[in-house]
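# Architecture at a glance
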Amino acid sequence: MKPVLDAVVKLLNTIRSRGLTHRQFRDFLQSVQSEYSDVLYYTKVRWLSTGCVFERVWQLKDDIVSFFHEKQYSAECEMLEDTEWLSVFAFFTNLLCHVNVMNVKMQGKNQFINDI
């Protein structure tokens, strides 16, 4: 899972770390009338939200590829065009989404894993 996580974090950092690129990406998403207006930010402190981050990248993968090709940064998104990598990414996205759902269900008083 670490290689997939590292690749996604690198991709997100490429978009979010530079203010101009981030603004251009948000404008690009608006221009293509995407369902989402931005990618989510990943931090190690909020590791339980990794499933949400992966799911958002999965849903925006075509728009991300189009944006990077438009900006001529094809090397940054080449893994999103690799079907083998995408199958591993989809598996981890599904797995982490289930972990997030379980985490939310376990929050609150008197919640036990065997009850869920």
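Residues numbered from 1 in each chain as written. Predicted model: local features only at pLDDT ≥ 70, side-chain atom pairs only at ≥ 80, totals over all residues. Heavy atoms only, no water.

## What to know about the nonpolar core
This is how it is decided: Buried residues of nine kinds, namely Ala, Val, Leu, Ile, Met, Phe, Trp, Tyr and Cys, make up a nonpolar core once their side-chain atoms join them within 4.5 Å. Throughout, exposure labels follow a simple rule: accessible area from a 1.4 Å probe, protein chains only, divided by the maximum for the residue type, with under 20% read as buried, over 50% as exposed, and the rest as partly exposed. Counting from the N terminus, the helices are the DSSP runs of H or I reaching at least four residues and the strands are the DSSP runs of E reaching at least two. Contacts are assigned to residue pairs with any non-hydrogen atoms lying within 4.5 Å of each other.
Judged by nonpolar contacts, the single largest core of 29 residues is most densely connected at Val8, Leu11, Phe54, Ile64, Leu80, Trp85 and Phe89. Elements represented by at least two residues in this core include exactly helix H1 (2-16), helix H2 (19-31), helix H3 (50-70) and helix H4 (83-106). Apart from the residues within four sequence positions on either side, phenylalanine 54 is in contact with Val4, Leu5, Val8, Phe89, Phe92, Thr93 and Leu96.

## A short note on the pattern of salt bridges
Note the threshold: Just to be clear on terms, a salt bridge is a Lys or Arg side-chain nitrogen sitting within 4 Å of an Asp or Glu carboxyl oxygen.
Throughout the structure, instances matching the rule amount to two salt bridges. Here lysine 2 and aspartate 6 are joined by a salt bridge, their closest N and O atoms 3.2 Å apart. Note that lysine 2 and aspartate 6 are positioned in helix H1 at a spacing of four residues, about one turn of the helix. Its relative accessible area of 58% is what places lysine 2 among the exposed residues. On the basis of relative accessibility, which here comes to 39%, the residue aspartate 6 falls in the partly exposed class. Between aspartate 38 and arginine 16 there is a salt bridge, with the nearest N and O atoms lying 3.3 Å from each other.

## Here's the deal with H4
How we decide: What a helix should span is 1.5 Å times the count of its residues minus one.
In a regular helix each residue adds 1.5 Å, so 24 residues correspond to 34 Å; H4 covers 35 Å between its end C-alpha atoms and thus fits that length. Among the residues of H4, those classed as buried are Trp85, Leu86, Phe89, Phe92, Thr93, Leu96, Cys97 and Asn100. Turning to H4, the residues buried within the fold contact H1 and H3. One or two steps after H4, the chain reaches glycine 108, where phi turns positive at roughly 120°.

## Examining H1
Residues separated by three or four positions in an α-helix point in the same direction, a consequence of the helix having 3.6 residues per turn. Relative to the 21 Å expected for 15 residues at 1.5 Å per residue, H1 spans 20 Å between its end C-alpha atoms, a close match to the ideal helical length. Taken together, the buried positions of H1 are occupied by Val4, Leu5, Ala7, Val8, Val9, Leu11, Leu12, Thr14 and Ile15.

## A short note on the confidence of the model for the protein chain
Interpretation of the predicted coordinates at a detailed level should be avoided for regions scoring low in pLDDT. Operational definition: What pLDDT conveys is the predictor's confidence in a given residue, as a value from 0 to 100.
Looking at the protein chain as a whole, the pLDDT averages 85, with 94% of positions reaching at least 70. For the protein chain, H1 is the element with the lowest average pLDDT, namely 87, and H2 is the one with the highest, namely 90.

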